[in-house]
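Residue strings, one per chain:
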Amino acid sequence: MKVYKPDNLPDTLHLLSKLPGKKLLLAGGSDLNILIKQGKLSDEAIIFINHLPELHGVDICSTKLIIGATTTISEISGSAIIKEYCPYLSDSLIDFASPPIANFATLAGNIANSSPTADTVPLLLVLEAKLVLKSVTTTRIVPISEFYTGYKKTVLRDDEMIIAIEIPLNFACKYQPQYVKIGSRTALTIAKVALAFVKYEDNFRIAAGSLNEFPRRLYNVEEYLTIHPQNIDASELMDALKMDVTPISDFRSDKEYRLQVCFNYLQKFIESANTD
Amino acid sequence: MIKLKFTLNNLPRELIVPDNMRLLDLIRDELNLTGTKEGCSVGECGACTVLMNGKAVCSCMILACQVMDAELETIENAAQDKILKTLQDSFLKTGAVQCGFCTPGMIMSAKALLLENLQPSEDQIKTALEGNLCRCTGYVQIIEAVQLAAGIIHKDS
Ligand SMILES: Cc1cc2nc3c(=O)[nH]c(=O)nc-3n(C[C@H](O)[C@H](O)[C@H](O)COP(=O)(O)OP(=O)(O)OC[C@H]3O[C@@H](n4cnc5c(N)ncnc54)[C@H](O)[C@@H]3O)c2cc1C
Ligand code: FES
Ligand code: FES
């Protein structure tokens, strides 16, 4: 393993495109350093990015919030801009890991690590956040719903990195998505189920984590609810949910539990949205 | 190998360390500061907590080369730092130390909290310490200790 510490973003992109073999960016390192410690990395080039000021911080323009790739989870939950425009995002991050992890773990690292349980992704899915992917020669903006293609697989090319996460403001400011993370305990827990939910006008955006190979929108449930705004039939709702999720049993939980808990929270969120 | 520059407990340091060395090993094995403990090694127990630029971090989860130019603080700084010293005294006064293995990490997390908030509520203390596990005390005395220290420091400030 060889470590690189580029001075700026252009040098980082240059390293990504020119270095031979496998390259890994290291932001906080809260995922990657486990692999390093376990000796699972050998020839990989490790490129540090958490010192790059141009990737750091939360910004706002007239249409969107822009979160730089090396902004930490604690910085986002404490950001005055985030608290003003998306307080629910700030609140959702309180249960992320614990302070001594969230103080250096980054949002982009959570997204790029591509865990099915990545806590930040369900809410970003309902906000229709976009990822800015950059290489030496290209910049593309990819909706987060199109970023993952399979278990731990993404559309990110070898020479690309996430430089920012963008959240469209018109939706984020107008509606208040709800988010729940269910684990074995409140602090320092890996989600068994995570659910983000928002009703807007007569439509819904709903996304779940820990129930598929990657966090995803529940389009069948959304469609069912839009077509049946009032008389929801529990078994039809469950059928729609089953089309959207493929929970598995593992040492953390079993698939029946995950499905049922997701369903219960879905009903709870629908009820509270309909009484608002 | 990578050349590192940082301050540790207010003293400037320069060292050459292996690329894959953890901050915890740098502190304990290279600098012989053994107040910082290693419990779980995977970021879950908080025994290895130190302050990096005033924020609590798990030193078992950070590579030494990530701390370039940072200000680091470990429990050994209690010898000169007023907040750490007051926390240490309060931990003793309330009986918050039993085996003592979690105590250095608890005190570092508590200092990070007090740097931001000298009048923390019980819930804020619990949140600040949620990454620090204690197998002995049941936490009640630890929370009391932080409340006691916060009160003393707030009164003096
Ligand atoms: C004790 C503990 C508790 C945790 N709790 C939670 C939790 O509650 N919820 C949760 O979701 N996760 C949790 N995690 C996992 C981890 O902390 C998060 O996934 C974190 O957000 C990763 O960010 P990082 O900056 O540390 O990533 P790193 O480890 O630096 O990187 C992770 C991956 O992303 C890639 N990467 C990083 N930045 C970029 C970029 N800009 N562009 C492209 N690729 C990039 C890296 O190459 C690597 O493959 C926990 C981890 C630990 C150790
Ligand atoms: S040893 Fe670092 S958190 Fe347990
Ligand atoms: S005093 Fe023994 S672990 Fe806390």
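Predicted model, so just to flag it, every value in this text is computed and none were measured.

## Here's the deal with the site of ligand 1
Around ligand 1, a shell composed of 34 residues is seen, among which Leu25(A), Gly28(A), Ser30(A), Asp31(A) and Thr106(A) lie nearest. In this structure, ligand 1 sits where chains A and B come together, each supplying nearby residues. Side-chain polar atom of Asp31(A) to an oxygen atom of ligand 1: 2.6 Å apart, as the coordinates give it. Computed on the free molecule, ligand 1 has an accessible area of 990 Å², of which 91% lies beneath the protein chains in the complex. Where the shell around ligand 1 is concerned, the elements lending two or more residues are β2 (23–26), α7 (107–112) and β10 (161–168) of chain A.

## As for the interface of chain B and chain A
Tallying the contact residues gives 23 residues for chain B and 26 residues for chain A. Together chain B and chain A conceal approximately 2,000 Å² of surface at their shared face, both sides included; 67% is due to carbon and sulfur atoms. On the chain B side of the interface with chain A, the three residues burying the most area are Met61(B), Gln66(B) and Glu130(B), jointly 32% of the side's total. In this structure, the connection of chain B to chain A is made through zero salt bridges.

## As for the environment of Arg157(A)
Relative to the helices and strands, Arg157(A) resides in the loop between β9 (153–154) and β10. Setting aside residues up to four positions removed in sequence, Arg157(A) forms contacts with Ser135(A), Thr138(A) and Arg140(A).

## Quick look at the sheet that holds strand β2 (residues 11–17) of chain B
Residues and elements named next belong to chain B. Spatially, five strands are ordered β2-β1-β5-β3-β4 in an open sheet, and the strand pairing comes out mixed. Each end of this open sheet is capped by a strand with a single partner; those strands are β2 and β4 (55–58). Taking each pair of neighbouring strands and ignoring which way they run, the sheet shows an average axis angle of 40°. When strand β1 (residues 2–8) meets strand β5 (residues 71–73), the two strands line up parallel, connected through two bridges.

## Structural notes on the pairing of strand β5 (residues 64–68) of chain A
Residue and element names in this part refer to chain A. Bridge count between strand β4 (residues 58–60) and β5: three bridges; the pairing is antiparallel. Bridge pairing in β5 links Val-58 to Ile-67. Hairpin geometry of β4 and β5 is characterised by an intervening segment of three residues between the two adjacent antiparallel strands. By the bridge criterion, five bridges tie β5 to β10 in an arrangement that is antiparallel. Bridge pairing links Ile-67 to Ile-165 in β10.

## Comments concerning the side chain of Arg22(B)
Position of Arg22(B) among the secondary structure elements: in the loop between β2 and α1 (23–30). With relative accessibility at 10%, the residue Arg22(B) sits in the buried group. Here the side chain of Arg22(B) touches Glu38(B) through a polar contact of 3.0 Å, side chain to side chain. Setting aside residues no more than four positions away along its own chain, Arg22(B) makes contact with Lys37(A), Glu38(B), Ser41(B), Ser59(B), Cys60(B), Ile62(B), Leu63(B) and Ala64(B).

## Considering the domain arrangement of chain B
Residues and elements named next belong to chain B. For chain B, the assigned domains are domain 1 (2–74) and domain 2 (77–156). A separation of 21 Å is found between the C-alpha centroids of domain 1 and domain 2. Between domain 1 and domain 2, the contact holds 18 residues from the first and 15 residues from the second. Together domain 1 and domain 2 conceal approximately 1,300 Å² of surface at their shared face, both sides included; 55% is due to carbon and sulfur atoms. On the domain 1 side of the contact with domain 2, Thr-49, Leu-51 and Glu-73 bury the most area, a combined 30% of that side's loss. Connecting domain 1 to domain 2 are two salt bridges. Residues Lys-55 and Glu-116 are paired through a salt bridge, measuring 2.9 Å at the closest nitrogen-oxygen approach. Remark: the boundary between domain 1 and domain 2 carries eight residue pairs in polar contact (both at pLDDT 80 or more).

Cut-offs and rules
- Chains are numbered independently. Their residues run from 1 in the order of the written sequence.
- Both sets of labels track the order of writing: A upward for chains, 1 upward for ligands.
- Owing to the predicted nature of the model, reporting of local features is limited to residues with pLDDT of at least 70; listing and counting of side-chain atom pairs is limited to 80 or more, with chain, interface and lining totals taken over all residues.
- Side-chain measures here rest on the full set of heavy atoms in the structure, leaving out hydrogens and waters.
- Distances are taken per atom, and a residue is near a molecule or strand as soon as one of its heavy atoms is within 4 Å of it.
- Here a polar contact is taken to be a pair of N or O atoms separated by no more than 3.5 Å, where protein atoms must pair a possible hydrogen donor with a possible acceptor and residues adjacent in sequence count only if both atoms sit in side chains.
- Computed with the Shrake-Rupley method and a 1.4 Å probe, the accessible areas treat only the protein chains shown as cover for residues.
- Labels follow the DSSP assignment, with helices taken as runs of H or I lasting at least four residues and strands as runs of E lasting at least two, numbered in each case from the N terminus.
- Contacts between residues were defined by any pair of non-hydrogen atoms, one from each residue, lying within 4.5 Å.
- Note: buried area is the sum, over both parts, of the accessible area (probe 1.4 Å) each one loses when the two are combined.
- In the sections that follow, a salt bridge refers to a side-chain nitrogen of Lys or Arg positioned within 4 Å of a carboxyl oxygen of Asp or Glu.
- Whether two strands pair depends on DSSP finding at least two bridges between them.
- Where helices are involved, their axes are fitted lines through C-alpha atoms of the stretch in contact, as for all axes, and angles between N-to-C directions lie from 0 to 180°.
- Working definition: with a 1.4 Å probe on protein chains only, accessible area under 20% of the residue-type maximum means buried, over 50% means exposed, and in between means partly exposed.
- Bear in mind that the domain bounds are from an automatic or database domain assignment.

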